[in-house]
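Chain by chain, the residues run as shown.
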Amino acid sequence: MSAPIPDPAPQPGPVAALSIRGLAKRFGEKIAVDGISLDVPAGSFFGIVGPNGAGKTTTLSMATGLLRPDFGTAVVHGVDVWTRPLEAKKLMGILPDGVRLFDRLTGEQLITYAGLLRGMQKDVVASRVGELLAAMDLSQDAGTLVVDYSAGMTKKIALASALIHAPRLLVLDEPFEAVDPVSAANIRSILDRYVASGGTVIVSSHVMDLVQRMCDHVAVVAGGRLLAAGTVDEVRGGASLEDRFVQLVGGRSHTEGLEWLRTF
Amino acid sequence: MVAHLLRLKLTLLRNSLRRSPWQLVGMAFAGLYALGIIATLVVALVLLRTADPELAQTAVVLGGSAAVLGWGIIPVVASATDMTLDPARFTTFAIPMKQMLAGLALGGLIGIPGLATALVALSTVVTWFRGVLPALAALLGAALGVLTCVVLAKVVTTATASLAASRRFKDVSAIAFMVPLVLMGPIVAGVGQGISASTGFLPDFARTLSWTPLGAPWSLAGDVHAGQFGPAALKLLVSVAALAALAWCWKLLLERALVTPPSAGSGKRKGGKLGLLGLLPAVPAGAVMARSLTYWFRDPRYSGSLVVIPLLPVVLGFQGAQTGDFSSLAVLAPLSAFILAWSISADVSYDNTAFALHVATGVRGVADRLGRALACLAFALPVVLVFAVGHSAFTGGWSGLPGQLGLSLGILFTGLGLASVVSARYTVAVPLPGDSPFKKPPGNVGQTLAVQFGGMLVLLVLVLPEAALLIAQLVTGNSVFGWINLAVGTVLGLVLFVVGVRLGGKWLDARGPELLAQVAVNR
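Computed from a predicted structure; not experimentally measured.

*Asks:* Teacher, can you tell me more about the overall build of chain B here?
*Replies:* The secondary structure content of chain B amounts to 23 helices and 0 strands. For chain B, contacts bridging at least 24 residues in sequence account for 79% of all contacts bridging at least 6. Within the structure as shown, chain B displays about 24200 Å² of accessible surface, and the carbon and sulfur contribution to it stands at 75%.

This is the structure:
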């Protein structure tokens, strides 16, 4: 086992909304992220795809200041996440995957709490909370405790909490998991408008089809390494993103074997 | 298949221990505690061998009945049953019902409560080792009794599974269970008095119980020893029939549970009520304070300790009434100050990964610390003041009030400051969000003990000045020491509070992500 070696890559470009260099993280014996460098252009709708356990969540956690990297840097709009965390976090809205929420608050209280924690004005928070609840189709359940929400509603309320301070960069880890198609369409149109007005969105997903339709840029991650990155058209090179992904990641077992499955 | 289920249970247990050596330490501590109780009971049962048969019969039947009753009641109110072999998890495997029942029942014996019950029950064989037949009857009775315990627990948990899955029931039952637990002392004393006042009644009571499923299995040996083979046969019939009926009920309930998984429905509720978040100042520290206070009332893991506080004077007062000496009431204010202040020393551990919101929003550590400490102070301060003043009013010893207040406020402020530092740096094993406060928390029990005891030791050192002043006043009787204590407790306490909040905040700013990674281990 070799230690991850930091990438001697050039300085991040000025247009990047997020620029990571040589990010690496090891948990015990397992290297979760093995030196990933990536530039996310400002104003892009950026998809990060990869198989389960590829290191997507770990990479995004390190890029957003939730998990300290062993090596490497992450810079958001020119602000280093790990040397100037408070400034960097002001620029970002984060939807982490697999973390709990303060679920003994009502949905409305939770979004308000996220806004107030960021030091926003009370009246600004109040008006935005109303609009966010309406946009997420949660107005009818605003007074219900989040612990009683369904999985999809919980995702939506967490997303609303990430949007409240109008960040310049949105980092969403698996935002559409368990979200119903109508809500997903609503969220996508919110995100599309956000990108059209100059915001940057990074989503991680393993639904290739969704990423191909929604994103303009994509990065393929597997085994803690970056396999490909660029515009969606560059990466897929004529094929569908899904086929290209399988080709890049490998590990597709051919349909030999399991004959007994056809014998009933 | 039965062997498979047992092996699964053992593997689960072993893997949970393998996660960290500290888990083993925690299990060892729980084991030692159980071992103490088991040893006491086993020795008592062995000693009963030489006792009068009537006395032995009464003790064994009453104890056995209490055990069966306990297995029936505790799983529901504590909602802390071991769900590693939850039948719902076997829905997709076509396991024949009979084998599943046998496997789950025997699996229920693996674990500390099951083994303890089995061991103690087997000791009754020694009690009745006064002949071959009574010993054999005791062995049969013990087997039947233990099986009845396990199956009854399964019936009760399966029947209430859908009820227990509702959050509201869990919350309420967890808090309600706290009350008898805290009042255990007075209850035991009361029952003890009742028993000693009516010793003649107990054998009759045991005789009646021995005809019910609760006591029947435990009474077999005594009856055989007394040569009453007819009643013994009838009681054997009662216990076997009861066990069969319970098993049949369990089978029916399980069949139903496997096809209707519990669902927790809840009504819709519109917003518009921000509660404390709308009332307190709209700054980060105010928001944290409002959130913490909301949790103190809504999360049973917090409100459980709130329920304890009003019961403290009841417990201490009862003790005073029994001995006629109310001096122990003097610890009321300092003790509640300590309990409340120290309760936030595990705050971030209680948040679990929800703490990610604080890291993600980049809220300043000082605001986080201050909000949590003020939330606790908001009700701890009035409680401590009321208890201290109430104590003086009750005893009429107003000259002791300043000293009492000095020590109590010193403990409260110092404790909050220290807890702010401790919870910014160390995580402890606590029940997960949504779990019962009584559930065995996952994770590092050894570290928990080290952090808790280490922290309390430091607190003890930090409040030494106040304690010394109080002792000086008690020894010299000079009330000037009391007034000095009030000043020292308030000023020194507040200084340490501010230092604690600032130091904790600084550590939190520096190590927020590491702290998040620590709590994420136990989710």
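*Asks:* How should I be thinking about the sheet that holds strand E1 (residues 16–27) of chain A in this particular structure?
*Replies:* Across a sheet, strands are paired by hydrogen bonds formed along the backbone, either parallel or antiparallel in direction. Residues and elements named next belong to chain A. As summarised here, the arrangement of the 4 strands in space is E2-E1-E4-E5, forming an open sheet in which the pairing is antiparallel. Of all the strands in the sheet, the pair left with one neighbour each is strand E2 (30–41) and strand E5 (79–80). Here helix H1 (residues 56–63) sits on the sheet in contact with E1, E2 and strand E4 (71–76), set at roughly 120° to E1.

*Asks:* Can you help me understand the environment of Leu117 of chain A in this one?
*Replies:* For Leu117 of chain A, the position within the fold is in helix H3 (residues 107–117). Taking the relative accessible area as the measure of exposure, Leu117 of chain A reaches 3% and is therefore buried. Beyond its immediate stretch of four places on either side in the chain, Leu117 of chain A contacts Pro284, Val288, Leu357, His358, Thr361 and Val363 of chain B.

*Asks:* Sorry, what's going on with the pattern of salt bridges here?
*Replies:* Side chains bearing opposite charge may pair, as long as their charged atoms lie close to each other. One pass over the structure, following the stated rule, counts 17 salt bridges over all chains. Among the salt bridges present, the one from Arg225 of chain A reaches Asp34 of chain A, with a minimum N-O distance of 2.8 Å. Note that Arg225 of chain A is positioned in strand E10 (residues 225–231) and Asp34 of chain A in strand E2, a separation of 191 residues in sequence. The class for Arg225 of chain A is partly exposed, based on a relative accessible area of 47%. Asp351 of chain B is the partner of Arg372 of chain B in a salt bridge, and the nearest nitrogen-oxygen pair spans 2.7 Å. Here Asp351 of chain B lies in helix H17 (residues 347–351) and Arg372 of chain B lies in helix H19 (residues 365–395), a separation of 21 residues in the sequence. Comparing Arg372 of chain B with Asp351 of chain B shows no difference in burial state: the two are buried. Through salt bridges with shared partners, one network takes in Arg291, Asp347, Asp351, Asp368, Arg369 and Arg372 of chain B.

The rules behind the values
Residues numbered from 1 in each chain as written. Chains lettered and ligands numbered in written order. Predicted model: local features only at pLDDT ≥ 70, side-chain atom pairs only at ≥ 80, totals over all residues. Heavy atoms only, no water. Helix = DSSP H or I, 4+ residues; strand = E, 2+ residues; numbered from the N terminus. Contact = heavy atoms within 4.5 Å. Areas by Shrake-Rupley, 256 points an atom, 1.4 Å probe, with all protein chains shown as cover. Pairing = 2+ DSSP bridges. Axes fitted to C-alpha atoms, helices over the stretch in contact; angles between N-to-C directions. Buried < 20%, exposed > 50% of the residue type's maximum accessible area, 1.4 Å probe, protein only. Salt bridge = Lys/Arg side-chain N within 4 Å of Asp/Glu carboxyl O.

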